[in-house]
Amino acid sequence: MKLSELFLLKRFWLIVGLFVVILFGVLGVYSSHQNNTTFPEDFLFGSASAAYQIEGYSKADGKGVSIWDDLVENHLDMVLDHRSADTGPDSYKFYKDDVMVMKEIGFNMYRFSIAWSRIMPDGELSSLNEAGLKYYDNLINELLANDIIPMVTMYHWDHPKDIQKLGGPLNRLFVDYFKEYARVLFQRFGDRVKYWITVNEPSIFCTFSYTTETWGAAINVTGGEYYCAHNLLLAHATVYRMYQEEFASQGGKIGLSLHSRGYLPKNPDSDSDREAVKVGFLTDLGWSAHPVFSLSGDYSSVLRKFIDEKSKHEGRAWSRLPHFTKEDKKLLRGSADFLGLNYYTSRLVEMDPNPFNGVSFILNDTRIIETPAKHWPQAKSEWLFSAPEGFRALLNWIKKEYNNPDVIITENGWSDDGQLVDDDRIEYLRRHLTEILEAIKLDGCNVRGHTTWSILDNFEWMQGFTEKFGIVSWDEDSKQRRPKNSASFLRKVISSRQIPSDSPSSH
């Protein structure tokens, strides 16, 4: 072989080798990119509902009266559109239609709640109602037959009226009633249900239900929100321990769903505003999360300090925030297999220069001032602004503060007027799913699933049907389900496990 030919051959193989290196490098970058833009294979996609908001048939088949039945039936004038939940989508009758539309979208999980008064009309074991139990049997079986995981919420704000006569969650006796109710659920459905949520948003329910006379239990009592949440946390932990001791062989997981806004400093360069962010997280999510997910088994020192000082300033004999006993703390600490997180919106925050204003959580026990950013899009609901950057900040705070627990987003959604071409909802979901994906891939947050609120346009409490959160609409007369464009968007996300980059109007 001539020297020139040898030179050309070496040059050829050098070029081939270089090409291979470049090719593998490109493939590696592509693979890395794909990995960072794809949800994990075991990531759960679902949608959600609550019994009172979608079931209807409030007096059917022996169902008892809940606090919401009582309030709405007797004070329909308080509901914005003067409609009751019985004029809604009637999922008690049309549950198979709900499951069918979820199957078409591709959801692999459905979070729904059980109406306590449907299976125990008086709230206690002596009033057990087989017809109500059979309804949830049928719903669970229908879900499983369609490869959809049932995630059951035991308590979504609708305890029986007779339990409220005893004080509801204001009375620690509520813990005992709730334990026996939960036992019935485990015994009847635990062979098929592997994800349980004990309590939904204790802070939201308790704040509105026991500091106003126009919502939920409609009792305005000083300190009511703290007494109520205190006992709901104890009820949760009691049920968690009972499951461990008596039903562990069922192999289920138990958590609770907690609400939080995201918090961002109004002025990122201000030490005071950055401190307000910490206070926001510790007094919002932390109010309910700290006793369960922190090592203390107790309220955060920030919340304790604020309420104790303010109660003393108000001239009270004791703090409006109750104390957990040593036994309570042991019961609470670590009493969850996952954190269910309900996130909708965020606020810019700064410290309040007048910390002793107001006499309740909603009237600024937190000592921060919250405002939305001017550029954040606003939903139909006056409180709901799209601020996905606050969502990722919240997920990272949970990771840091509570040692990165498993998190399932159990509510996340957008309200509008109910239009089928719901581009704003699609954009909201796209941006929030992107933040979840980046929190998982880039930040290492243990987010295990996302649940869109809600599967159907439903009764939005005292707003009636004026605010629509559903990804599926329904006909007023036939009750026929009509998926919106956002349902098509989610179908694409679920099937590809990636977030489509095309514009909302193309769905």
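First things first, this report covers the structure right here in the doc. Given the structure is predicted, the values throughout are model-derived calculations rather than measurements. (Residues numbered from 1 in each chain as written. Predicted model: local features only at pLDDT ≥ 70, side-chain atom pairs only at ≥ 80, totals over all residues. Heavy atoms only, no water.)

**Side note on the state of the cysteines**
Part 1 of the argument: One pass over the full model with this rule turns up 1 disulfide.
Part 2 of the argument: Each sulfur of the disulfide joining Cys-206 and Cys-228 lies 2.1 Å from the other. An S-S torsion of about -60° defines the bridge between Cys-206 and Cys-228 as left-handed. One end of the pair, Cys-206, is in helix H9 (residues 202-209); the other, Cys-228, is in helix H10 (residues 224-247), with 22 residues separating them in the sequence. Each of the two residues, Cys-206 as well as Cys-228, counts as buried. (Disulfide = S-S within 2.5 Å. Helix = DSSP H or I, 4+ residues; strand = E, 2+ residues; numbered from the N terminus. Buried < 20%, exposed > 50% of the residue type's maximum accessible area, 1.4 Å probe, protein only.)

**Some remarks on the sheet that holds strand E3 (residues 149-155)**
One key point about sheets: their strands pair by backbone hydrogen bonds, in either a parallel or an antiparallel sense.
Part 1 of the argument: Spatial ordering of the closed barrel is given by E1-E2-E3-E4-E5-E7-E10-E11, a layout of 8 strands whose pairing is parallel. Taking the axes of each pair of neighbouring strands and ignoring which way they run, one obtains an average angle of 25° across the sheet.
Part 2 of the argument: Here strand E10 (residues 407-411) pairs with strand E11 (residues 447-453) via 3 bridges, running parallel. In the sheet register, Ile-409 faces E11, and the bridge partner there is His-450.
Part 3 of the argument: Along the sheet face, H9 touches E3, strand E4 (195-200) and strand E5 (253-259) and points at about 50° away from the line of E5. (Pairing = 2+ DSSP bridges. Axes fitted to C-alpha atoms, helices over the stretch in contact; angles between N-to-C directions. Contact = heavy atoms within 4.5 Å.)

**Some remarks on the nonpolar core**
Part 1 of the argument: Core analysis: the largest hydrophobic core is formed by 146 residues, its most contacted members being Trp-68, Phe-178, Phe-186, Trp-196, Phe-205, Leu-395 and Ile-436.
Part 2 of the argument: When residues in this core are grouped by element, the largest group, 13 residues, is from H10.
Part 3 of the argument: Counting 7 residues, the second largest nonpolar core, distinct from the first, contains Leu-44, Met-109, Ile-197 and Ile-408. (Core = buried A, V, L, I, M, F, W, Y, C linked by side-chain atoms within 4.5 Å.)

**Considerations on the environment of Leu-437**
Part 1 of the argument: Its place among the elements puts Leu-437 in helix H17 (residues 423-441).
Part 2 of the argument: Judged by relative accessible area, Leu-437 falls into the buried class, the value being 6%.
Part 3 of the argument: Excluding residues within four positions of it along the chain, Leu-437 makes contact with Asn-36, Thr-37, Thr-38, Phe-39, Leu-442 and Ile-499.

**Quick word on the sheet that holds strand E9 (residues 368-371)**
Part 1 of the argument: As summarised here, the arrangement of the 3 strands in space is E6-E8-E9, forming an open sheet in which the pairing is mixed. The open sheet has two edge strands, strand E6 (262-265) and E9, and neither has a second partner. The mean angle between the axes of side-by-side strands here comes to 40°, regardless of whether they run parallel or antiparallel.
Part 2 of the argument: Against the sheet, helix H11 (residues 271-283) touches E6, strand E8 (346-351) and E9, its axis set at about 120° to E8.
Part 3 of the argument: Along the sheet, helix H16 (residues 388-401) contacts E6 and E8; its crossing angle with E6, the most-contacted strand, is approximately 105°.

**Thoughts on the packing of H16 against H17**
Part 1 of the argument: Across the interface, H16 lies against H17 with an axial gap of 9 Å and an inter-helix angle of 30°. Accordingly, the angle class assigned to the pair H16 and H17 is roughly parallel. Note on packing geometry: the crossing formed by H16 with H17 is right-handed. Contacts from Pro-388, Glu-389, Phe-391, Arg-392 and Leu-395 of H16 reach H17 at Arg-431, His-432, Glu-435, Ile-436, Glu-438 and Ala-439. (Parallel < 35°, antiparallel > 145°, perpendicular 65-115°, else oblique. Left-handed = near helix turned anticlockwise from the far one by under 90°.)

**Notes on the pattern of salt bridges**
Part 1 of the argument: Inspection of every chain in the model, using the stated rule, returns 36 salt bridges.
Part 2 of the argument: The residue Arg-118 makes a salt bridge to Glu-55 at a minimum N-O spacing of 2.8 Å. A residue pair is termed long-range when its members are at least 10 positions apart, and Arg-118 in helix H5 (residues 116-119) and Glu-55 in the loop between helix H2 (51-54) and helix H3 (67-74) qualify at 63 residues.
Part 3 of the argument: When its relative accessible area of 3% is taken as the criterion, Glu-55 is described as buried.
Part 4 of the argument: Linked through salt bridges whose partners overlap, the residues forming this network are Glu-130, Asp-137, Arg-188, Asp-191 and Arg-192. (Salt bridge = Lys/Arg side-chain N within 4 Å of Asp/Glu carboxyl O.)

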